[in-house]
Amino acid sequence: MDENLKKMISDAGQEHLLCYIDELSAEEKRVFIEQLAAVDWQQIPQLAADYVLKRPEISIPADLTPAQFFPLTPADSATAELYAAADAKGAELLRAGKVCCLTVAGGQGTRLGFDGPKGTYPIGPVTDRSLFAYFAGAIARASEKYGKTVCWYIMTSPINRAATEAFFKEKNYFGLPQESVFFFTQGTMPAFGTDGKLLLSSKGTLALSPDGHGGTLLALRKSGALDKMIADGCEYISYFQVDNPLVPVVSPRFIGLHALENSEMSAIMLSKTNSKEKLGNFCVSNGRTMIIEYSDLPDELAEKRNADGTLAFVAGSPAIHVLSRKFVEKLTSGGTLRLPWHRADKKIACLNENGELFTPSEPNGVKLESFIFDALPLAEKVMILEGDRAEVFAPTKNATGVDSAESCREMLTARNARQLKLAGVDIPYTADGKVDAVIEIDPAKVLDDEDAAALVERTGLKKVEPGERIVL
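The notes below deal with the structure included here. (Residues numbered from 1 in each chain as written. Predicted model: local features only at pLDDT ≥ 70, side-chain atom pairs only at ≥ 80, totals over all residues. Heavy atoms only, no water.)

### Thoughts on the sheet that holds strand β16 (residues 342-346)
What counts, and what does not: Only when DSSP finds a minimum of two bridges between them are two strands counted as paired. Strands are runs of DSSP state E lasting at least 2 residues, helices are runs of H or I lasting at least 4, and numbering of each runs from the N terminus.
Across the sheet, which stays open at both edges, the three strands sit in the order β6-β19-β16 with antiparallel pairing between neighbours. Edge positions in the sheet fall to β6 (192-193) and β16, since each has one partner strand and no second.

Pasting the structure below:
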């Protein structure tokens, strides 16, 4: 083993990691040393001191104010003209091939009771088409509509990379050109014990966990994805998470406003339903946009009201962004990006003091994650646009209840019903206003309301019967 690496590990106070190295085979030792060499040992003592041996204190800036945003519906003619210009600009950029999609898909379907990458989860209300199939269909339709292939970058984790790629191969890439789909893997962080010592998951393996969606930006550079974007002439990245099939994979207005406002990182905001809704809050301090998590915003700010009675801090984040490629290049130049870390106390399977694998029943360690929204204060210009919750946000986090597969399917049906009704189709409703049918529209056929109207005209659909399960 390289003496310099051994010294770095020792200087970091982590020499216990090497106590079993002589028991490893030559190949096991090679793999372990490669893993150890990838760790930034200089930052480990500071991370342990700041995030593990004590709990980070949340500091709320004294000058914190609500972030400004463009409203969903323009309030005046000037804003209406700007939105029309943005619609045109976004369409122009799509036709020029300047836009790509980026899906953060490193998670497993554990909370859904599903064994596999979350993106492979069957979410279609009638057909059980997967989350990935929703995005693939929408990307295919956008490519067709704007006459230019929209490339799709998919960030996996080390745990689900192979299974994700195998799924795409099995599905023949959902009909997308294989070369337009680029998989890359997010980085990892070693897990700490509560004593600040790094944990081993075997005698020759660090206990590692994904470094959070904030790691997306650096992973883009390290994977060669940024190089591909540059070669393709792609300038704008439409970012969304894998658990939200309602998201517009490319929104001309959102992209166009981002470009017209010279924004480096833009965001969709949703008006919070109540002061404690579990969405991060868009705020401003010292002229910089930031997100304060719902659990960290003091009650006096969370409950603060405007003169008309509405929440002052009303802008919540559903993690939908547009980023300029040049902004990502700037942040990751030199091959590093230091975003703040966030602590999560977790149950981490690891070796005990006897060198035996131990599976705890209570949290026994700390995982550190970085979040994409912590890049917002680093942007010189941020643009925030209000989104329609019913049209853009149906997260699939749990099997039932709030933000569940169940609620997501209902919202997909409701959105599809609205589009059909707008196109003149008679839709049945229950007494409490819910759609009295299950409706699924192929995302490869319908990207927007215009497409839905064309579909209705082609099919001649006039009415959906109560209780009907229909696929279009």
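Once you've had a look at it, read on.
### Re the packing of helix α13 (residues 405-422) against helix α14 (residues 449-459)
Here is the rule we go by: To define axes, lines are fitted to C-alpha atoms, for helices over the stretch in contact only, and angles between the resulting N-to-C directions are given on a 0 to 180 degree scale. Here a crossing is taken to be left-handed if its near helix is turned anticlockwise relative to the far helix by less than a right angle, and right-handed if that turn runs clockwise. Here a residue-residue contact requires only that any non-hydrogen atoms of the pair lie within 4.5 Å. Ten residue types, Ala, Val, Leu, Ile, Met, Phe, Trp, Tyr, Cys and Pro, are classed as nonpolar, four, Asp, Glu, Lys and Arg, as charged, and the remainder, Gly among them, as polar.
Contact geometry for α13 and α14: axes closest at 8 Å, N-to-C directions at 65°. Judged by the sense of rotation from one axis to the other, the crossing of α13 with α14 is right-handed. Residues R418, Q419, L420 and L422 of α13 form the contact with α14, whose own contacting residues are D449, A452 and V456. The residue makeup of the contact of α13 with α14, split by class, is four nonpolar, one polar and two charged.

### Quick notes on the pattern of salt bridges
Test applied: Salt bridges are defined as contacts in which a side-chain nitrogen from Lys or Arg sits within 4 Å of a carboxyl oxygen from Asp or Glu. Each residue's exposure class comes from its accessible area (1.4 Å probe, protein chains only) as a fraction of the maximum for that residue type: buried when under 20%, exposed when over 50%, partly exposed otherwise.
Applying the stated rule across the entire model yields 30 salt bridges. Linking R129 and D442 is a salt bridge whose minimum nitrogen-to-oxygen distance equals 3.4 Å. Remark: D442 occurs in the loop between β21 (438-440) and α14 and R129 occurs in the loop between β2 (99-104) and α5 (131-146); sequence separation between them is 313 residues. Classification of D442 as buried rests on a relative accessible area of 18%.

### Some words on the pairing of strand β11 (residues 265-271)
Where burial is concerned, most of β11 is hidden: six out of the seven residues are buried. Pairing between β11 and strand β15 (residues 321-324): three bridges, direction antiparallel. Across the sheet, residue A267 finds its bridge partner in β15, namely H321. Alignment of β11 against strand β20 (residues 382-386), held across five bridges, turns out to be parallel.

### Some points on α5
The condition that has to hold: One less than the number of residues in a helix, times 1.5 Å, gives the span that helix is expected to have.
Here α5 is 16 residues long and its end C-alpha atoms lie 23 Å apart, about the 22 Å a rise of 1.5 Å per residue gives. Counted residue by residue, α5 has 13 buried out of 16 residues, so it is predominantly covered. Positive backbone phi, at 70°, marks G147, one or two positions downstream of α5.

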